[in-house]
Amino acid sequence: MTYPNPLRFNPAYSVVKQYFVHLDDSVPQKIVVHKDSPRGVHFRRAGPRQKVYFNSDEVHACIVTCGGLCPGLNTVIREIVCGLYHMYGVNKILGIDGGYRGFYSKNTIPLTPKVVNDIHKRGGTIIGTSRGGHDTSKIVDSIQDRGINQVYIIGGDGTQKGAAVIYEEVRRRGLKVAVAGIPKTIDNDIPVIDKSFGFDTAVEEAQRAINAAHVEAESTENGVGVVKLMGRYSGFIAMYATLASRDVDLCLIPESPFYLEGEGGLFEFVEKRLKESGHMVIVIAEGAGQELLAESLQSADQKDASGNKLLRDVGLWISHKIKEHFAKNHKMDITLKYIDPTYMIRAIPSNASDNVYCTLLAQSAVHGAMAGYTGFTSGLVNGRQTYIPFNRITEKQNMVVITDRMWARLLSSTNQPSFLGPKDLAEAKKQEEHPTGLLDGENCKEDHQPELLFIFEKNIVWSKLCWQCYLFIKALLKQKLWKQPYSDHGSLLLVLDNDFLKGRVRTILKEHLVGCGFAVFRDSREKATTT
Ligand SMILES: Nc1ncnc2c1ncn2[C@@H]1O[C@H](COP(=O)(O)OP(=O)(O)OP(=O)(O)O)[C@@H](O)[C@H]1O
Ligand SMILES: O=P(O)(O)OC[C@H]1O[C@](O)(CO)[C@@H](O)[C@@H]1O
Ligand SMILES: [Mg+2]
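Calculation rules
- Residues numbered from 1 in each chain as written.
- Chains lettered and ligands numbered in written order.
- Predicted model: local features only at pLDDT ≥ 70, side-chain atom pairs only at ≥ 80, totals over all residues.
- Heavy atoms only, no water.
- Helix = DSSP H or I, 4+ residues; strand = E, 2+ residues; numbered from the N terminus.
- Buried < 20%, exposed > 50% of the residue type's maximum accessible area, 1.4 Å probe, protein only.
- Areas by Shrake-Rupley, 256 points an atom, 1.4 Å probe, with all protein chains shown as cover.
- UniProt positions renumbered as here; feature names shortened; annotations may be inferred.
- Contact = heavy atoms within 4.5 Å.
- Pairing = 2+ DSSP bridges.
- Axes fitted to C-alpha atoms, helices over the stretch in contact; angles between N-to-C directions.
- Salt bridge = Lys/Arg side-chain N within 4 Å of Asp/Glu carboxyl O.
- Polar contact = N/O pair within 3.5 Å; in protein donor to acceptor, adjacent residues only side chain to side chain.

Here's the deal with the overall build of the chain
Secondary structure assignment for the chain yields 18 helices and 17 strands. Counting the 531 residues in the chain, one finds 54% classified as buried. Here the chain has roughly 24000 Å² of accessible surface; of this, 50% comes from carbon and sulfur atoms.

Structure (structure tokens):
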């Protein structure tokens, strides 16, 4: 059963030409394609439909926010409530208190346009958030018992995985419930979408910390300012904040391994830059260099309630290491100031452009749910609002591709080392002279014909590698993280003791190495597999 969309009588919208989105409208995921390449994945274009699946009176909606804070959460809540109320005449809207566990352990919070009127001016989330506590069957019981038929779930990669499970359970029970996600990630680590809401605000706020570090550094002789920014596995905030600032001399992100000692190392660069300019600023993403920390601090791995690895403070660690190096070698007297603005950056309200972005995401989610779509995340793809199936959002992580132009821009703006040795650079040059045509890491999955290859110790087929894998393996070799042997195959085996690195390695294995045709051993007893 469908109903005419009540928006057709809305004076604000009824004058818009072609206000309703055609059912067949779609948005391509890849916007730059070659002449003869296939059309690729397309997503449904978001927006109001001629017909809606829910009669406004029967809608009972709820909103939940999960995971860490992000600027704009309150704006999204506000705009879902106002969108449902003003555009569709829905007035039964509940806030779920404190994340997923709130479905079954807390009272709900009634939400009206009046309650949410001013909340976009505040940071945080008025309905609270949490990690852990995802009990699918209790959550869906609660949805069923309360008669909820639209569930709006705002959160990061973990939350969207949780939303996908809720959607499956709702389907299994045959309930008439729309499950809609809104992607939230200050780290910008959700794939497919152009960028996440709150990201611009975070980058803007990071400028204040970088400015402070710069002022401190340039006011003393050999002043070093270190700023730690968020970015568990993806260094986007650090990269964009660095590019925006122009005062940063060195940006370190999880995707680009580095080392401290010796030729081409970090200490050498710091010394050089201090000699040249008398001061320097280092921006470091919290997930950068975790493998180096793990080597020097042998403490047990800890996890948060959602199972995310708790990171060690890399900012504190690197500050200590730099001070220790210069003190030990009596090289020069330095003054180092460490600034950790991480929580300040995510606890603020969203800026003007993020507010508009949040409004579009929220309204798109509302239009989608009202039209009867479910199991989707509302997201901006190539500048267009779309509905993205959960599995596309949860299957991989968005990471900085260090062979993309953006990272190259950063390297050229900071003039920092790439942390590749002379031999690596010679290899890299060779690759440039005989390119495989796969300079964009993203392409390697599709363009390489997978064939079963083992990684032999001295015989890695470099020409088969995409740029990302090339740099990655080189960095691992340098850090001696490949361990011999898996003798019956004569192949190298990657043995990593540290959980964090395993996570990163797994992502790169999945995204790139397998795409480049490598066989991957899951553990020493398993057979090689190309999946
Ligand atoms: N695989 C999963 N299946 C079901 N629920 C999950 C899964 N992963 C995470 N969750 C749930 O999603 C919620 C949020 O997860 P998490 O704490 O990892 O934050 P997130 O959504 O990834 O956001 P952030 O950007 O802050 O990391 C938690 O309540 C957690 O229990
Ligand atoms: O201290 P919390 O709340 O667990 O959040 C820390 C993590 O959350 C994030 O901000 C993602 O939301 C990461 O950048 C960071 O590692
Ligand atoms: Mg997450």
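Side note on the UniProt feature "binding site: ATP" (unreviewed entry) in the chain
As annotated by UniProt and renumbered to match this structure, "binding site: ATP" (unreviewed entry) occupies Gly68, Arg131, Gly132, Gly156, Asp157, Gly158 and Thr159. Look at the named residues: they lie 92 residues apart in sequence, but the longest C-alpha span between them is just 13.0 Å, so in the fold they bunch up. In this fold, Asp157 is placed in helix H5 (residues 157–172). Residue contacts for Asp157: discarding those within four places in its chain leaves Ile190, Thr394 and Gln397. As for its placement among the helices and strands, Gly158 is situated in helix H5.

Things to note about the pairing of strand S5 (residues 61–65)
A large share of S5 lies buried, amounting to five of its five residues. Taking every second residue as pointing to the same face, both faces of S5 are buried, with Ala61, Ile63 and Thr65 on one and Cys62 and Val64 on the other. In this sheet, strand S6 (residues 93–95) lies alongside S5 in parallel orientation, the contact comprising three bridges. Among the inter-strand pairings, Ala61 is bridged to a residue of S6, identified as Ile93. Of the pairings in the sheet, the one linking S5 to strand S8 (residues 150–155) comprises five bridges and is parallel in character. Considered in S8, the bridge of Cys62 is made with Val151.

Thoughts on the sheet that holds strand S11 (residues 250–252)
Reading across from one edge, S11-S12-S10-S13 is the order of the four strands in this open sheet, with parallel pairing throughout. Looking along the sheet, the strands with just one partner apiece sit at the ends: S11 and strand S13 (335–339). Each strand axis lies, on average, 15° off the axis of its neighbour in the sheet, ignoring direction. Across the sheet, helix H10 (residues 314–328) touches strand S10 (223–229), S11, strand S12 (279–285) and S13, and the angle it forms with S13 is around 175°.

Structural notes on the pattern of salt bridges
Evaluated as defined, the whole model comprises 18 salt bridges. The shortest N-O distance in the salt bridge between Lys228 and Asp313 comes to 3.5 Å. Taken together, the residues Lys228 in strand S10 and Asp313 in the loop between helix H9 (290–296) and H10 connect sequence positions 85 residues apart. Judged by relative accessible area, Lys228 falls into the buried class, the value being 9%. For Asp313, a relative accessible area of 27% translates into the label partly exposed. Here the salt bridges do not stand alone but share partners, grouping Asp141, Glu169, Arg172 and Arg173 into one network.

Section: the environment of Arg246
Position of Arg246 among the secondary structure elements: in the loop between helix H7 (236–245) and S11. Within the local environment of Arg246, its side chain forms a polar contact with the backbone oxygen of Leu243, the two atoms lying 3.2 Å apart.

So, the side chain of Asn188
Here Asn188 lies in the loop between strand S9 (178–183) and helix H6 (199–218). Note on Asn188: relative accessible area 5%, which makes it buried. Polar contacts involving the side chain of Asn188 include one to the main-chain amide nitrogen of Ser196, which spans 3.0 Å. Look past the residues within four positions of Asn188 in its chain and what remains in contact with it is Lys195, Ser196, Phe199, Phe236 and Asn398.

Quick notes on the environment of Phe199
For Phe199, the position within the fold is in helix H6. Here Phe199 falls in the buried class, since its relative accessible area comes to 3%. For the pair Phe199 and Gln416, spaced 217 residues apart in the sequence, the C-alpha separation amounts to 24 Å. Among all residues touching Phe199, those that are not within four sequence positions of it are Ile186, Asn188, Phe236, Ile237, Tyr240 and Asp354.

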